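The lines below spell out each chain.
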Amino acid sequence: MAIRGTEIKIQGLTHRYSSRTGVTFNRVDLVSPPGEALAIIGRSGCGKSTLLHILAGILKPTEGKVLLNGTAITAPSPRWVMMFQAPHLFPWMTVSQNVGVGLSFGRWSKEETEERVTEAIKLVELQDFATANVQDLSGGQQQRVALARSLVMEPELLLLDEPFSALDAFTRSSLQKDVRNIAKRKGFNIVFVTHDIDEAVIMGDRAVIMAGSPGNIVHELDIDLPDPRDRHDTAVQALRTRLMATFQEAANYKKPESATLAA
Amino acid sequence: MNYAVTSAEEGGFCRLMKHRAVQSLGWAAGGIAILAILWLIGGYFIANNPTTKTFVKFGLFPTLEAFPELWGAGKIQNALAASGFRLGSGLLLAIVIGVPIGILMGRIKWFRDFTNSPFQFVRMISPLSWMPLAVLVFATWNGSIIFLIAIAAVWPVMFATAAGLAKVDPNWFKVARNLGAKPLHILTKVIMPAITFDVLSGIRLALGVAWIVLVPAEYLGVTSGLGYAIEDARETLSYNHLTAMVVTIGIVGYFLDSILVALIKRYSWHRGG
């Protein structure tokens, strides 16, 4: 399973849900190089989830565009796959069937499907549960199935919308490390939205902070830490403190009338 | 050691299940026995009352004696084949019409609002009251009966499908689209498996209604089927044949219902349901 990373270019992205509602975010510009794990953090309502849904092609921008290696994202595609806050598995299917469901939407041979499903299940360490019904799994295991279901598509970009927020601390920590490891091993990009500063530091190569109403990217911070990352490590804690300070500074951010972007 | 524990647990579980199966079979046999006893007592009173003595063949034993006779003459098989064809065709029509319309009702709000009142209005009309119209419109008796069964059976299928779809988690559609599903994939891989339980429950209700409509519909015009066999037995005063056919209706109806219950259990993904 070889996955390529991709360059993501967000150009002048503006979104409003309808003409009666305010602008969610205004003229957002961002570039993410191939293989980067990018964290988007910010308070509720700043538009970070909306931005992620546009990146997934689920929502359409009001203005601007998103390019993946030059291809504009206008609709959902197996090339850019989103993993949601809850696993939303199909309860009438087994683990294997859930993992392979995306492949069943395409033209994959039975052998190739089986091979890719087996590998994806192995990546998330659920080999012993392949034939189990997903309703028999714990919350963490179900989220692993959702991860495998995304990985089996071999996406160039994996989008994660607070995917571990409903899990217990131990499972969350383990999955954060697993997702980063898998992404680095396979080389695909990750863009993830989180409220959790720890999650941004453990999983990300860079964090961008969204704030304001309408929202925009007001700060960004490189997370230049070696792997594997341990949350008790001094360097991790120092970066966490820095990111927290930047986040709090961003919370007080007031967007100037004419400003379009602050980086 | 673990294996031993597991085996013991499995053994216990099997014993419990067997115990439960035997217990429910016992209760069912007991219920049937009470019904048979009541019938026997009724038969006894009919036989010993001079005013009802002519109806003695309605009793349990004359009825049981009629079964081999009717079976040997092929009357039960012929009646079942004719009624089965009408019931199957009517139900199939109800499913073919009811499921797609139910899906549209569950999926598209304006369609649901648009169709709800006229459908509720037509649903409230007794299926048998369509009979004169059906006789005029359809060239054959079979066509009329199939129409009556279909119009009686379509509503439970349609409304159960719509209700099933209304319960479907909208996030499943989002996930499917996110993984590249086209509308046909969403229909076949998400909607249909998600609502199979509800559709089958609707078909089960429809079967009950269709079975009720079938017999009176066959009283008119046709020269085959269970309804006709009952009417024929009444006219020839073969009361034990009449009750044997009534019992056949009960047995076949119960058997068909049991098949649907088994299918519902097989395709239900709801836990604890």
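If you're wondering where the values come from, they're calculated on a predicted model, not measured in any experiment.

### Some words on the domain arrangement of chain A
Residues and elements named next belong to chain A. For chain A, the assigned domains read domain 1 (1–79 + 157–263) and domain 2 (89–154). On a C-alpha basis, the centroid separation for the pair domain 1 and domain 2 is 26 Å. Each partner contributes to the interface: domain 1 provides 12 residues, whereas domain 2 provides 14 residues. If one sorts the elements of the side of domain 1 that touches domain 2 by residue count, helix α6 (residues 169–186) sits on top with four residues.

### Points about the sheet that holds strand β9 (residues 206–211) of chain A
Strand pairing in a sheet takes place through backbone hydrogen bonds and is either antiparallel or parallel in direction. Residues and elements named next belong to chain A. Spatially, β6-β7-β8-β3-β9-β10 is the arrangement adopted by the six strands of the open sheet, whose pairing is mixed. In this open sheet, the two strands that pair with only one neighbour each are β6 (80–83) and β10 (216–222). Between one strand axis and the next, the sheet turns by 20 degrees as a mean value, whatever way the strands run. Relative to β10, β9 is paired through six bridges, and the arrangement is antiparallel. Bridging across to β10, Ile209 finds its partner in His219.

### A word on the pairing of strand β4 (residues 63–68) of chain A
Inspection of the sheet shows strand β1 (residues 8–16) of chain A paired to β4 of chain A by five bridges, in the antiparallel sense. By the bridge assignment, Lys9 of chain A is partnered in β4 of chain A with Leu67 of chain A.

### Here's the deal with the packing of helix α3 (residues 75–107) of chain B against helix α8 (residues 183–218) of chain B
All names here are of chain B. Where α3 meets α8, the closest approach of the two axes is 9 Å, and the angle between their N-to-C directions is 140 degrees. Here α3 lies oblique to α8, going by the angle between them. Taken as a pair, α3 and α8 cross one another with a handedness that is right-handed. Side by side, α3 and α8 meet where Ser83, Arg86, Leu87, Gly90, Leu91, Ala94, Ile95, Val99 and Ile103 of the first sit next to Ile191, Val199, Ile203, Ala206, Leu207, Ala210, Trp211, Leu214 and Glu218 of the second. Looking at the contact of α3 with α8 residue by residue, the classes come out as 14 nonpolar, two polar and two charged.

### Concerning the interface of chain A and chain B
On the side of chain B, 16 residues touch chain A, which itself brings 19 residues to the contact. Looking at the side of chain A that touches chain B element by element, the count peaks at three residues for helix α3 (residues 101–104) of chain A. In the side of chain A that touches chain B, the residues fall into 13 nonpolar, six polar and no charged.

### As for the domain arrangement of chain B
Residue and element names in this part refer to chain B. Per the domain assignment, the segments of chain B are domain 1 (1–48) and domain 2 (56–267). On a C-alpha basis, the centres of domain 1 and domain 2 stand 30 Å from each other. Each side of the interface is counted separately: domain 1 has six residues, and domain 2 has four residues. For the side of domain 1 that touches domain 2, the residue count by class is five nonpolar, one polar and no charged.

### Remarks on the nonpolar core
By size, the foremost hydrophobic cluster in this structure holds 138 residues, and its most contacted members are Leu55, Ala148 and Leu159 of chain A together with Ile149, Ala153, Val157 and Ala210 of chain B. Here this core gets 18 residues from one element, more than from any other, and that element is helix α6 (residues 141–166) of chain B. Apart from the residues within four sequence positions on either side, Ile149 of chain B is in contact with Arg86, Leu87, Gly90, Leu91, Ala210, Val213 and Leu214 of chain B.

### Examining the environment of Val81 of chain A
Among the secondary structure elements, Val81 of chain A is positioned in strand β6. Residues Val81 of chain A and Ala207 of chain A, spaced 126 residues apart in sequence, show a C-alpha to C-alpha distance of 20 Å. Look past the residues within four positions of Val81 of chain A in its chain and what remains in contact with it is Ser150, Met153, Pro155, Leu158 and Leu159 of chain A together with Asn178 and Leu179 of chain B.

### Some points on the sheet that holds strand β5 (residues 71–72) of chain A
Residues and elements named next belong to chain A. Taken in spatial order, the four strands of this open sheet run β2-β1-β4-β5, and their pairing is antiparallel. At either end of the open sheet lies a strand with only one pairing partner, and these are β2 (23–32) and β5. Two elements, β4 and β5, share two bridges in a ladder whose sense is antiparallel. If you follow Leu68 over to β5, its bridge partner there is Thr71. Against the sheet, helix α1 (residues 48–55) touches β1, β2 and β4, its axis set at about 60 degrees to β2.

Reading guide: rules and limits
- All residue numbers refer to positions counted from 1 along the written sequence of the respective chain.
- For naming, the first written chain is A and the first written ligand is 1, with later ones following in the order written.
- Local features are withheld for residues below a pLDDT of 70 in this predicted model, meaning they are given only at 70 or higher, and side-chain atom pairs are given and counted only at 80 or more; totals for whole chains, interfaces and linings count all residues.
- Each domain span listed reflects an automatic or database assignment of domains.
- For every residue pair, C-beta atoms are placed from the backbone, and the pair is scored as a contact if these atoms sit within 7 Å.
- Here a helix means four or more residues in a row that DSSP labels H or I, a strand means two or more in a row labelled E, and each is numbered from the N terminus.
- Pairing between two strands requires that DSSP report at least two bridges joining them.
- Helix axes are fitted to C-alpha atoms over the stretch in contact, other axes to C-alpha atoms as well, and angles between N-to-C directions run from 0 to 180 degrees.
- Between 65 and 115 degrees an angle is taken as roughly perpendicular, under 35 as roughly parallel, over 145 as roughly antiparallel, and anywhere else as oblique.
- Here a crossing is called left-handed whenever its near helix is offset anticlockwise from the far helix by less than a right angle, and right-handed whenever the offset is clockwise.
- Under the convention adopted here, Pro, Cys and the residues Ala, Val, Leu, Ile, Met, Phe, Trp and Tyr are nonpolar, Asp, Glu, Lys and Arg are charged, and Gly plus all remaining residues are polar.
- A set of buried residues qualifies as a nonpolar core if it consists of Ala, Val, Leu, Ile, Met, Phe, Trp, Tyr and Cys joined through C-beta atoms within 7 Å.
- With C-beta atoms placed from the backbone, a residue is labelled by how many other C-beta atoms lie within 10 Å of its own: buried for 20 or more, exposed for 12 or fewer, partly exposed between the two.

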